[in-house]
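# Breakdown of the fold
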Amino acid sequence: MSRVVVVRRVLLGLIAVLVVAALVAGVVVTTTVRASLPKTTGTADLPGLGADVSVLRDDSGIPHLYGDSITDLARAQGYVHAQERFFEMDLRRHVTAGRLAELVGADGLESDKVIRTMGWRRIAEEELPTLKPQTRQVLQAYAEGVNTYLRGRSPGDVAVEYTLLGLRLPDVTIEEWTPVDSLSWLKAMAWDLRGNYEDELARARLSGRLSPAQIAQIYPPYDSATRPPILSDQEWSPTDAGRPVSSSVPSALTEATASAPTTSDAVASPRAAAAPAAAAASADDPVVSASAQQAYAVVQDALDAVPQLLGRGEGIGSNSWVVAGSRTSTGKPLLANDPHLALGQPGVWIQNSLRCRTVSSTCPLDVSGFSFAGVPGVIIGHNADIAWGMTNLKPDVTDFYLERVVGDTYLRDGDWAPITYREEVIKIRGGADQRITVRSTVHGPVMSDVVEGVNDAGGRAPTQQEGDENETYAVSLAWTGLIPSRTADAILDLGLATNFQEFREAARSFAVPSQNLVYADTEGNIGYQAPGQVPTRRSAIPRAAPGFWPAPGWDPEYDWTGYVAFEDMPWALNPADGVIVAANQAVVAGETPFLTTDWDRGWRSTRIAERLSGLNSISPVEMAAVQLDDQDPFAKVLVPALLGVTLEASEGDQISQELLDFTREARELLRGWDYTTPAGDSDSAASAAYYNAVWRNLVKLLFDDELPVGLKSDGGARWRAAVTDLLDDPDSAWWDNKLTPNITESRDEILRQSLVQARLELTRELGKDPGQWQWGKLHRLTLEHPVLGGESMPGAVRWLVNEGPFDVPGGSAIVNANGWNASLGYEVTAGPSMRMVVDLGNLDGSTWINSTGVSGHPADARYSDQVEDWVSGKQRPWPFSEDAVRAQDPDVLTLRPEGSTTG
């Protein structure tokens, strides 16, 4: 047991007293804090079961469930998820329903306004009846299992968070769980993992202040020659004619009938939905006018109010790869996955297994892996036959439309169409209800209405069109997540698939968020599938590539025409080289956009492929070691330029020679550096600290002087790609700092200033001696509770619910992707939310690790017991067979269909 857990247990009674003393000057005994801990041994009633379900919790407290039917297992999974993580589930459903203010008070109001405007829960309610009967049965059984656990328990008996929140805001109540609550969470997942909406808004805002050439330089094309896409030309045929796509929403994803491949050769579908490169917007284009840009800024502010449940922006991606048995030490495929998401306490994943005691046609479920608390089934993992991993595909599935509005109408193809209205009432715990009016056009909800004072802020800014003087602008949102889909079917079916054909058929329903799915099976096959509901747009429009920036809503030429047929989405089976790497890079090569223009720039994927190519007979241990690779590939580009800068003062120079000599001492850290980024205990840790400080100062000097308010360079993969090109373009306007109007800076001058400022910054932060600097002292991670972990809470509460800070290696666009945002500082903003390596030759030889622990209860030893292993890069054994689980001497809880025992 870790030192952190031991200390937590020893001081638990003291903390219980301190927490309440700080909040209400009262006294609460330890039992109050521990009242919500789950029962893990003995028996408990679970009405509705057809037979007993055994819950075996292994050495890490991970529950392995054994039952005799899929619905029994779903019912038991709901019960166990509620035992371990109900507050997290309840928080998620309040967020996704636009009812956060009902739980936390007025602090949740702005989020509720945005989500009610989009109508996430309304869409989930429409989805439920469209799902397969078996999926609906599973969702209902799961909900009944949750509700059985809740029944008869006070809020404080369910989670300590309710007790602490109740001290500030009384009248805490818990509603029963419903299947729609589970489906609503999938909307949050889709929202955080959608495509390029931030870039779409940003490009529009930049258009009025920068030249098209300058914008192009910070949105460079994907370099498929240097950083290869997922599928090579041999696995993807760009010259084949794509079949026509349907204009019917359901048919592209739910009614296609083409069969999956059965050959062992590499296969791929034809290219679909290509579009021309973006054209420059003219100065008088209303879509990029000053008034329109005001509206976009308002929309950005509104969308920023949505809580980041999985995380957004740079760093939200994943690594996955699969290696054929011909390349492994086991003779069977190996599969690795580590999704990069926002990190908090508790972590986003809960590990579990769902296993039929006797696998048969009536009870075929035999799956283990990572789930979301609140959603039945397993999202990522393996069963007895196949394994799968996911990384975010990030297709362009959102478009903003600038609408011309007069009164209750908007311009549509030369006529004025009526705006649709609906009223939403938002209840606020401890406050008065608020009523909002939601407007919608044919494209979707009007997002520029959400922010208070929108008329003053410019969301309804006057247009530049001739005509009615009362005409204003509004901005509506089209997003595939606002179209009912059957992703819940896919989650269940992936766990039931036994071969590649069944795997592909399951992926057919995986509509949002669109993912890269990597595959391996015990028969020795490896594969890839890109699923998802991806809109098609007209291939020839005058102004820009579709989706590149907001479109004029009054022109139907910019409307979606349908969705890419599943048969036209890329896939591959058993590629000749025996390796598939999917790490958010482009799926295919080509001069025209396919699916999106805003891929991750491929630094991680290229490094992974490089590491794998250097290994012979790859072992599971080596797969896990690659996940920890902390070399910064971009440093190989930037460091030579930094070492080439002259640090000699010239006449009239505002930087003294003494300061330049002081800087030279630090710059020597970069000479001979191996480009790795360890946290500490290494000479490279000092070099990494200085290099990253130089990079942060460089992007601020290079870009932020010309970006509008609210848009700053985060220093991620796209900005690295931009600087790669700019280093070869010393005359680019970007190098000149617009904040020094009487001076025109050169490339080398900006590089020199970055070196100097980084030296001064780290001297202040880490001391004068560069040799003592450590990257981990800057690059730190605190796992923070989403409600109780913030600075507004008493220190004793934060101590109870948060973990850290931890010094961590890696960084943005690095395989060990503990990402950070250069505009905010060096603290970790996202990272590997879990890591796993599946051995298809010996499933009990697989390994996994979570970023926190199974439990969502701060007083539970399993709340954080995996954190130290995760930070250090260790993975734990992943038992799959019942013998392997029982070898860990598990706690055993028997859930019974009848009896008088309570859990």
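Just so it is clear, the model here is predicted, and its values are computed rather than measured. (Residues numbered from 1 in each chain as written. Predicted model: local features only at pLDDT ≥ 70, side-chain atom pairs only at ≥ 80, totals over all residues. Heavy atoms only, no water.)

## Quick look at the packing of aromatic side chains
The geometry of an aromatic ring pair comes down to the distance between the two centres and the angle between the two planes. Counting across every chain of the model gives 26 aromatic pairs. Clustering of aromatic rings is evident, with ring pairs tying together Trp185, Trp349, Phe370, Phe372, Trp848 and Trp878. Here the basic side chain of Arg153 rests over the ring of Tyr149, its NZ or CZ set 4.0 Å away from the ring centre. Sitting over the ring of Trp571, Arg504 keeps its end group 4.4 Å from the ring centre. (Phe/Tyr/Trp six-rings, centres within 6.5 Å; stacked < 30°, edge-to-face > 60°. Lys NZ or Arg CZ within 6 Å of the ring centre and 35° of its normal.)

## Some points on empty space enclosed by the protein
Taken as a whole and assessed by the stated rule, the structure comprises 9 cavities of 30 Å³ or more. Lining the second largest cavity are 19 residues, and of these Leu193, Pro339, Trp349, Met390 and Gln515 sit closest to its centre. Broken down by secondary-structure element, the contributors of at least two residues to the lining of the second largest cavity are strand E4 (317-323), strand E5 (334-341) and strand E9 (386-392). Residues that form the lining of the second largest cavity fall into these classes: 13 nonpolar, 6 polar and no charged. (1 Å grid on protein atoms, 1.4 Å probe; cavity = no way out; pocket = protein on both sides within 12 Å on 5 of 7 lines; lining within 4 Å. Points joined across faces, edges and corners; volume = space filled by probe spheres on them. Helix = DSSP H or I, 4+ residues; strand = E, 2+ residues; numbered from the N terminus. Nonpolar A, V, L, I, M, F, W, Y, C, P; charged D, E, K, R; others polar.)

## Considerations on the pattern of salt bridges
According to the stated counting rule, one finds 53 salt bridges in the structure shown. Between Arg412 and Asp559 there is a salt bridge, and its shortest N-O distance comes to 2.2 Å. Taken together, the residues Arg412 in strand E11 (residues 409-412) and Asp559 in the loop between strand E19 (551-552) and strand E20 (560-563) connect sequence positions 147 residues apart. For the pair formed by Arg412 and Asp559, the shared burial category is buried. One salt bridge connects Arg607 with Asp629, and the closest N-O pair in it is separated by 2.9 Å. Here Asp629 lies in the loop between helix H20 (620-627) and helix H21 (635-643) and Arg607 lies in helix H19 (residues 603-613), a separation of 22 residues in the sequence. Here the salt bridges share partners, and the residues they tie into one network are Asp90, Arg93, Arg121, Glu125 and Asp181. (Salt bridge = Lys/Arg side-chain N within 4 Å of Asp/Glu carboxyl O. Buried < 20%, exposed > 50% of the residue type's maximum accessible area, 1.4 Å probe, protein only.)

## Considerations on the packing of helix H4 (residues 70-96) against helix H8 (residues 133-150)
Put simply, H4 and H8 touch, their axes get as near as 7 Å, and they point 50° apart. Regarding the angle of H4 to H8, the classification is oblique. Relative to H8, the crossing made by H4 is right-handed. The segment H4 lies against H8, with Ile70, Thr71, Ala74, Arg75, Gln77, Gly78, Tyr79, His81, Ala82, Gln83, Phe86 and Met89 engaging Gln134, Gln137, Val138, Ala141, Tyr142, Glu144, Gly145, Val146, Thr148, Tyr149 and Leu150. A breakdown of the residues in the contact of H4 with H8 according to their chemical character gives 12 nonpolar, 9 polar and 2 charged. (Axes fitted to C-alpha atoms, helices over the stretch in contact; angles between N-to-C directions. Parallel < 35°, antiparallel > 145°, perpendicular 65-115°, else oblique. Left-handed = near helix turned anticlockwise from the far one by under 90°. Contact = heavy atoms within 4.5 Å.)

## Some points on the pairing of strand E26 (residues 828-832)
In summary, the side chains of a regular strand alternate between the two faces of the sheet. Of all 5 residues in E26, 4 are buried; the element is thus mostly enclosed. Bridge analysis of strand E25 (residues 819-820) against E26 gives 2 bridges, and the strand direction is antiparallel. Bridge pairing in E26 places Trp820 opposite Val828. (Pairing = 2+ DSSP bridges.)

## What to know about the side chain of Arg85
Structurally, the position occupied by Arg85 is in helix H4. Residue Arg85 is classed as buried on the basis of its relative accessible area, which comes to 1%. Here the side chain of Arg85 touches Glu88 through a polar contact of 2.8 Å, side chain to side chain. Only 2.8 Å separates the side chain of Arg85 from the backbone oxygen of Val854, close enough to count as a polar contact. Beyond its immediate chain neighbours, meaning those up to four positions away, Arg85 contacts Pro346, Gly347, Trp349, Ile350, Ala373, Asn850, Thr852, Gly853, Val854, Ser855 and Gly856. (Polar contact = N/O pair within 3.5 Å; in protein donor to acceptor, adjacent residues only side chain to side chain.)

## Structural notes on the sheet that holds strand E1 (residues 42-45)
With respect to topology, 11 strands assemble into an open sheet ordered E1-E30-E2-E3-E6-E7-E8-E9-E16-E17-E21, the strand pairing being mixed. Two strands bound the open sheet, and with one partner strand each, they are E1 and strand E21 (571-573). Each strand of the sheet is rotated relative to its neighbour by a mean of 15°, with strand direction disregarded. Relative to strand E7 (residues 366-371), strand E6 (residues 350-356) runs antiparallel, the two being bridged by 6 bridges. Following the sheet pairing, Leu354 is matched in E7 by Val367. Against the sheet, H4 contacts E1, strand E2 (53-57), strand E3 (63-67), E6, E7 and strand E30 (891-896), and its axis sits at roughly 160° relative to E6.

## As for the side chain of Glu745
Along the chain, Glu745 turns up in the loop between helix H24 (717-726) and helix H25 (747-766). Of the side chains bearing the opposite charge, Lys738 lies closest to the buried Glu745, which forms no salt bridge; the N-O distance is 7.4 Å. From its side chain, Glu745 meets the backbone nitrogen of Asn737 in a polar contact 2.9 Å long. A polar contact of 2.5 Å, which involves the side chain of Glu745, links it to the side chain of Thr740. (Lys, Arg positive; Asp, Glu negative; His and termini not counted.)

## Thoughts on the confidence of the model for the protein chain
Taken as a whole, the protein chain shows an average pLDDT of 87; of its residues, 86% reach a score of 70 or greater. Contacts from residues 238-279, a stretch scored under 50 in pLDDT, to residues over four places away or in other chains number 105 contacts. Of the regions scoring below 50 in pLDDT, residues 453-462 engages in 29 contacts with residues more than four places distant in sequence or in other chains. (pLDDT = per-residue confidence, 0-100.)

## Observations concerning the layout of surface pockets
Estimates place the volume of the second largest pocket at around 1100 Å³. As for the second largest pocket, its lining consists of 46 residues, of which Leu91, Glu784, His785, Pro786 and Val787 are closest to the centre. Residue assignment for the lining of the second largest pocket shows that the elements contributing at least two residues are H4, helix H5 (100-104), helix H10 (160-168), strand E23 (780-783) and E26. The leading source of residues in the lining of the second largest pocket is H4, at 8 residues.

## Focus: the state of the cysteines
A full pass over the atoms with the stated rule returns 1 disulfide. Note that Cys356 is cross-linked by a disulfide to Cys363, the S-S spacing being 2.0 Å. One disulfide, between Cys356 and Cys363, carries an S-S torsion of -85° and so falls in the left-handed class. Accessibility assignment for this pair places Cys356 and Cys363 in one class, buried. (Disulfide = S-S within 2.5 Å.)

## Observations concerning the nonpolar core
In globular proteins that are soluble, nonpolar side chains generally tend to be buried together. Tyr528 and Leu895 are the most contacted members of the largest nonpolar core, which totals 160 residues. At 12 residues, H4 tops the list of elements feeding residues into this core. When residues no more than four places from it in sequence are discounted, the contact partners of Leu895 are Ala44, Leu46, Leu49, Ala51, Asp52, Val53, Val55, Ala76 and Tyr79. In terms of nonpolar packing, the next biggest core, distinct from the first, is built from 56 residues, Leu660, Trp735, Leu762 and Trp820 among them. (Core = buried A, V, L, I, M, F, W, Y, C linked by side-chain atoms within 4.5 Å.)

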